[in-house]
Amino acid sequence: MRKQIAAANWKMNLTFKEGENLLNEILSANVALAPHQQAIFAVPFPYLTMSKSLTDEEKNYFVAAQNCYNKASGAYTGEVSAAMLQSLNIRYCVIGHSERREYFNETNAVLAEKVNICLANNIIPIFCCGEPLSVREEGKQNDFVAVQLKESLYHLPAEDIKKIIIAYEPIWAIGTGKTASTEQAQEIHAYLRSNIEAQYDSEVANTIPILYGGSVKASNAAEIFASPDVDGGLVGGASLKADEFLAIIKALQ
Ligand code: PGA
């Protein structure tokens, strides 16, 4: 059975105390997760240790970083390496969020290096892909995401790509309140899976969880997650409110 995942992306929000309170509120609800279900909190770097100490991996609650650098170590002032994350026992890292691609010029080639360095440090990349509005309006979204996968993931051998989580996030739906319709989400998730199958095989394609991101909230999560190729969500705004994110966790299938 494929994993079903509710991943919170706090982005650059919340003070330390606010983050700690939010996590405590969510975790104290003690929502039981089935063995194939996971909740993952992608928190800012300074909150990783605190978040790690509050979450119980045995109950399928995990912590993720939101980014890491594409080099192993050295004179890169201000950057954080995958090895540093590994030394904190962080198991997941968001890679290639559209905000990183847009504001920090992260290219598919750089993201391929980040994917490699995460895997080399036993960190599972939550690899983001997704098209801007102009591409969607031209109906070219499938080709656009196919190139993102090809250039950042398809160098991996089957046993490595099987470890990855993909998040499809149409840029026009992020933080806009606009959500892809369930049909649009299912259609492109099925396309992504068929593209992976064509490159690898059906076993690989059916192993990789593909999350939907873009204005997921308590009121639409269950409907979005019910689609056969949608395996949960990567959630920004609604992950900053305990009751919203708890409802999203409960909407996992
Ligand atoms: P949003 O963000 O839920 O606020 O649209 C999603 C994301 O960027 O991961």
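In what follows, the structure referred to is the one given above.
Fair warning: this is a prediction, and the values are worked out from it, not measured in the lab.

Cut-offs applied
- Residues numbered from 1 in each chain as written.
- Predicted model: local features only at pLDDT ≥ 70, side-chain atom pairs only at ≥ 80, totals over all residues.
- Heavy atoms only, no water.
- Helix = DSSP H or I, 4+ residues; strand = E, 2+ residues; numbered from the N terminus.
- Rg over C-alpha atoms; globule rule 2.2 N^0.38 Å.
- Buried < 20%, exposed > 50% of the residue type's maximum accessible area, 1.4 Å probe, protein only.
- Contact = heavy atoms within 4.5 Å.
- Areas by Shrake-Rupley, 256 points an atom, 1.4 Å probe, with all protein chains shown as cover.
- Lys, Arg positive; Asp, Glu negative; His and termini not counted.
- Charge placed at Lys NZ, Arg CZ, Asp CG, Glu CD.
- Polar contact = N/O pair within 3.5 Å; in protein donor to acceptor, adjacent residues only side chain to side chain.
- Near = heavy atom within 4 Å.
- Nonpolar A, V, L, I, M, F, W, Y, C, P; charged D, E, K, R; others polar.
- Core = buried A, V, L, I, M, F, W, Y, C linked by side-chain atoms within 4.5 Å.
- Salt bridge = Lys/Arg side-chain N within 4 Å of Asp/Glu carboxyl O.
- Expected span 1.5 Å × (residues − 1).

**So, the overall build of the chain**
In terms of regular secondary structure, the chain is built from twelve helices and eight strands. Here the chain has a C-alpha radius of gyration of 17 Å; the compact-globule value for 253 residues is 18 Å, and the two agree. The dimensions of the chain, computed from C-alpha atoms along their principal axes, are 45 × 45 × 35 Å. Going through the 253 residues of the chain one by one, you find that 55% of them count as buried. Counting contacts in the chain only where the partners sit at least 6 residues apart, residues at least 24 apart contribute 72% of the total. Carbon and sulfur atoms make up 51% of the accessible area of the chain, which totals about 11,000 Å². For the chain, the separation between the mean place of its 21 positive charges and that of its 29 negative charges on side chains is 3 Å.

**What to know about unusual backbone geometry**
Glycine aside, the phi torsion of most residues is negative, and most peptide linkages are trans. Phi angles above zero are rare outside glycine, and Asn105 is one such case at about 55°. With respect to the element layout, Asn105 can be found in the loop between α4 (98–103) and α5 (108–120). Of note, Asn122 is a non-glycine position whose phi angle comes to about 60°, a positive value. Topologically, Asn122 is positioned in the loop between α5 and β5 (124–129).

**Things to note about the side chain of His189**
With respect to the helices, strands and loops of the structure, His189 is situated in helix α9 (residues 182–199). By relative accessible area, which is 0% here, His189 ends up buried. At a separation of 3.4 Å, a polar atom in the side chain of His189 contacts the main-chain carbonyl oxygen of Ile210. Those residues within four positions of His189 in sequence are excluded, and the remaining contacts are Tyr168, Ile210, Leu211, Tyr212, Asp229 and Val230.

**Description of the site of the ligand**
Every one of the 13 residues lining the ligand counts as a neighbour, but Lys11, His97, Glu169, Gly175 and Ser215 are closest to it. A distance of 2.7 Å separates an oxygen atom of the ligand from a polar atom in the side chain of Glu169. Its free accessible area being 290 Å², the ligand has 95% of it covered by the protein chains. Classifying every residue of the shell around the ligand by side-chain character gives four nonpolar, seven polar and two charged.

**Looking at the nonpolar core**
Phe41, Leu153 and Ile196 are the most contacted members of the largest nonpolar core, which totals 69 residues. Ignoring anything within four residues of it in the chain, the contact list for Phe41 reads Ala8, Trp10, Leu23, Ile26, Leu27, Thr55, Tyr61, Phe62, Val63, Ala64 and Phe245. The next biggest cluster of nonpolar side chains, apart from the first, holds 14 residues, and it includes Ala64, Val94, Ile165 and Ala167.

**Remarks on the pattern of salt bridges**
Per the counting criterion, the structure on display carries 13 salt bridges. A salt bridge links Lys17 to Glu20; the nearest nitrogen and oxygen atoms lie 3.0 Å apart. In this pair, Lys17 and Glu20 are both assigned in helix α1 (residues 16–28), three residues apart and thus about one turn of the helix distant. Of the charged contacts, one joins Asp229 and Arg193 as a salt bridge, the two residues approaching to 2.6 Å between their closest N and O atoms.

**Examining α5**
Its 13 residues give α5 an end-to-end C-alpha distance of 18 Å, which sits within 8% of 18 Å, the value for a rise of 1.5 Å per residue. Of the positions making up α5, those classed as buried are Asn108, Leu111, Ala112, Lys114, Val115, Ile117, Cys118 and Leu119. Tucked inside the fold, the buried residues of α5 contact α3 (82–87), β4 (92–95), α4, β5, α7 (141–152) and α8 (158–161). Looking one or two places after α5, you find Asn122, whose phi comes out positive at around 60°.

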